[in-house]
Amino acid sequence: MNKTDIRIFSLPELENIVQAYGEPKFKAKQIYQWIWQKGAMDFDEMTNLSKNLREKLSESYSFNKLEQVHQQKSLDGTIKTGWKLEDDSIIESVLIPVPKDNRFTLCVSSQVGCSLNCAFCATGKLKKVRNLKDYEIFEQFQKVNEQSLENYDHKLTNIVYMGMGEPLLNYNNVLKSIDKITNPNAAGYSMRRITISTAGIVKGINRLADDNIKVNIALSLHAADDEKRNKIMPINETNKLKDVVESLKNLYDKTKVKISYEYIMFKDFNDSLADAEKLYKLTRYFPVKVNIIEYNYVEGVDLKKAADDKVNRFAKYLVDKGVMTTVRRSRGKDIDAACGQLANKVEKNK
Ligand code: SF4
């Protein structure tokens, strides 16, 4: 039987553990820093703990590490890695390097599979198996940070919760992982380096506002009215656009975080000027940037990439109205690592 992973414990819980062994409380902080700041994955690495304490810890606890099961590197430098978890589930993370901008981004998974079933997304075709634990999310960050250093001699600069899963449906673990990434006693990143991407979970967005969490938010919008959005994002049936926008306004009013609308443009579905006008109307409630994203083919999906002239016309409409707009070509297309394409092939073929 697997031993309990030591990483499930908070600092106060670690304090109780060491005190039960008759050790002083401050030893817990040392363990905490070994795990979350120095990335230790073995009690033997914790050299400022006595041998006796290390042995006691390893008798009861372990590190159930992620096991790399595949890795692909794109022609553009993007690296996608598949990880096996302790229960044999498989997840993926992506490293997106942009050396010229000094930008090295991790796209991290927050769930095994996803329950939201967006029409254009490969992950949505896998059934949701479970939420990831905070340390499983954090370990993706640690491992991909190592990849970034090895391949590009640069540590990660940005973390986006945009991999497999809906982060706001795994709120507690996602927030705990963010705490580890930002805590000065752990990885110590600034909240401004972190973006949560959501399909539009009203309760989750309001909770971020109530909890005063100052990470950036990317709304996967993809259609600017309920009728169209219902067709490609079933979550919209219970989380209507008006309510989603209202919750984002509430979040902005309380936290002033950066908000973006992600908009994958599909041929003859959401690429008209009438669509652009509807999208423009959604940009007037708080400062928001629009990212228009090129669609990547996903097996078995009946949506196509919009023509370049339509994309340009759409973007120009928004720019002319004063909306900050970017058009993003996808990264890692040749290795199925682009937005909406994460779905471990092994898992998918089951
Ligand atoms: S786009 Fe995001 S929310 Fe939608 S199915 Fe894919 S992973 Fe889930």
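Our subject is the structure listed above.
The following paragraphs examine the structure supplied in this document. (Residues numbered from 1 in each chain as written. Predicted model: local features only at pLDDT ≥ 70, side-chain atom pairs only at ≥ 80, totals over all residues. Heavy atoms only, no water.)

## A few points about the overall build of the protein chain
And then number 1: Looking only at helices and strands, the protein chain has 11 helices and 14 strands in total.
And then number 2: On C-alpha atoms alone, the protein chain measures out to a radius of gyration of 21 Å, which is about the 20 Å that the 2.2 N^0.38 rule sets for 350 residues.
And then number 3: With respect to the principal axes defined by its C-alpha atoms, the protein chain has extents near 70 × 40 × 40 Å.
And then number 4: Scored against the burial criterion, the 350 residues of the protein chain give a buried share of 56%.
And then number 5: For the protein chain, the share of sequence-separated contacts (at least 6 apart) that also reach a separation of at least 24 residues comes to 65%.
And then number 6: With an accessible surface of roughly 15900 Å², the protein chain has 49% of that area assigned to carbon and sulfur atoms.
And then number 7: Across the protein chain, the centroid of the 56 positively charged side chains sits 4 Å from that of the 47 negatively charged ones. (Helix = DSSP H or I, 4+ residues; strand = E, 2+ residues; numbered from the N terminus. Rg over C-alpha atoms; globule rule 2.2 N^0.38 Å. Buried < 20%, exposed > 50% of the residue type's maximum accessible area, 1.4 Å probe, protein only. Contact = heavy atoms within 4.5 Å. Areas by Shrake-Rupley, 256 points an atom, 1.4 Å probe, with all protein chains shown as cover. Lys, Arg positive; Asp, Glu negative; His and termini not counted. Charge placed at Lys NZ, Arg CZ, Asp CG, Glu CD.)

## Section: the pairing of strand S12 (residues 259-265)
And then number 1: The buried fraction of S12 is high, at seven of seven residues.
And then number 2: The pairing of strand S11 (residues 216-220) with S12 spans four bridges and is classified as parallel. Within S12, the position partnered with Ser-220 by the bridge is Glu-262.
And then number 3: Note that S12 and strand S13 (residues 288-294) share seven bridges and pair parallel. Paired with Tyr-261 across the two strands is Val-290, which belongs to S13. (Pairing = 2+ DSSP bridges.)

## Let's talk about the pattern of salt bridges
And then number 1: In total, this model carries 24 salt bridges according to the counting rule given.
And then number 2: Salt-bridge contacts for Lys-228 lead to Asp-275; the nearest nitrogen and oxygen are separated by 2.8 Å. Residue Lys-228 is found in helix H7 (residues 226-232), and its partner Asp-275 is found in helix H9 (residues 273-281); the two are separated by 47 residues along the sequence.
And then number 3: Relative accessible area serves as the criterion here: at 4%, Asp-275 is assigned to the buried category. (Salt bridge = Lys/Arg side-chain N within 4 Å of Asp/Glu carboxyl O.)

## Overview of the site of the ligand
And then number 1: Around the ligand, the neighbouring residues are Cys-114, Leu-116, Asn-117, Cys-118, Phe-120, Cys-121, Thr-123, Gly-124 and Gly-165.
And then number 2: A majority-of-atoms criterion places the ligand in the largest cavity.
And then number 3: Tallied by class, residues from the shell around the ligand come to five nonpolar, four polar and no charged. (Near = heavy atom within 4 Å. 1 Å grid on protein atoms, 1.4 Å probe; cavity = no way out; pocket = protein on both sides within 12 Å on 5 of 7 lines; lining within 4 Å. Sits in = over half its atoms within 2 Å of the grid points. Nonpolar A, V, L, I, M, F, W, Y, C, P; charged D, E, K, R; others polar.)

## Describing the packing of aromatic side chains
And then number 1: For the structure shown, the criterion picks out 12 aromatic pairs.
And then number 2: With centroids separated by 5.5 Å and ring planes inclined at 80°, the aromatic side chains of Phe-9 and Tyr-61 adopt a geometry described as edge-to-face. Taken as a pair, Phe-9 in the loop between strand S1 (4-5) and helix H1 (11-20) and Tyr-61 in strand S2 (residues 61-62) lie far apart in primary sequence, 52 residues in all. In this pair, the class of Phe-9 matches that of Tyr-61, namely buried.
And then number 3: These aromatic residues form a ring-pair network of at least three members: Tyr-32, Trp-36, Phe-138, Phe-141 and Tyr-189.
And then number 4: One Lys or Arg, Lys-228, reaches over the ring of Phe-269 and ends 5.7 Å from the middle of that ring. (Phe/Tyr/Trp six-rings, centres within 6.5 Å; stacked < 30°, edge-to-face > 60°. Lys NZ or Arg CZ within 6 Å of the ring centre and 35° of its normal.)

## Some thoughts on the packing of helix H4 (residues 134-152) against helix H5 (residues 171-182)
And then number 1: At their nearest, the axes of H4 and H5 sit 8 Å apart, and the two run at 45° to each other. With respect to H5, the element H4 is oriented oblique. The two elements H4 and H5 meet at a crossing, and its hand is right-handed. Seen from H4, the contacting residues are Asp-134, Ile-137, Phe-138 and Phe-141; seen from H5, they are Asn-173, Val-174, Lys-176, Ser-177, Lys-180 and Ile-181.
And then number 2: Looking at side-chain class alone, the contact of H4 with H5 contains five nonpolar, two polar and three charged residues. (Axes fitted to C-alpha atoms, helices over the stretch in contact; angles between N-to-C directions. Parallel < 35°, antiparallel > 145°, perpendicular 65-115°, else oblique. Left-handed = near helix turned anticlockwise from the far one by under 90°.)

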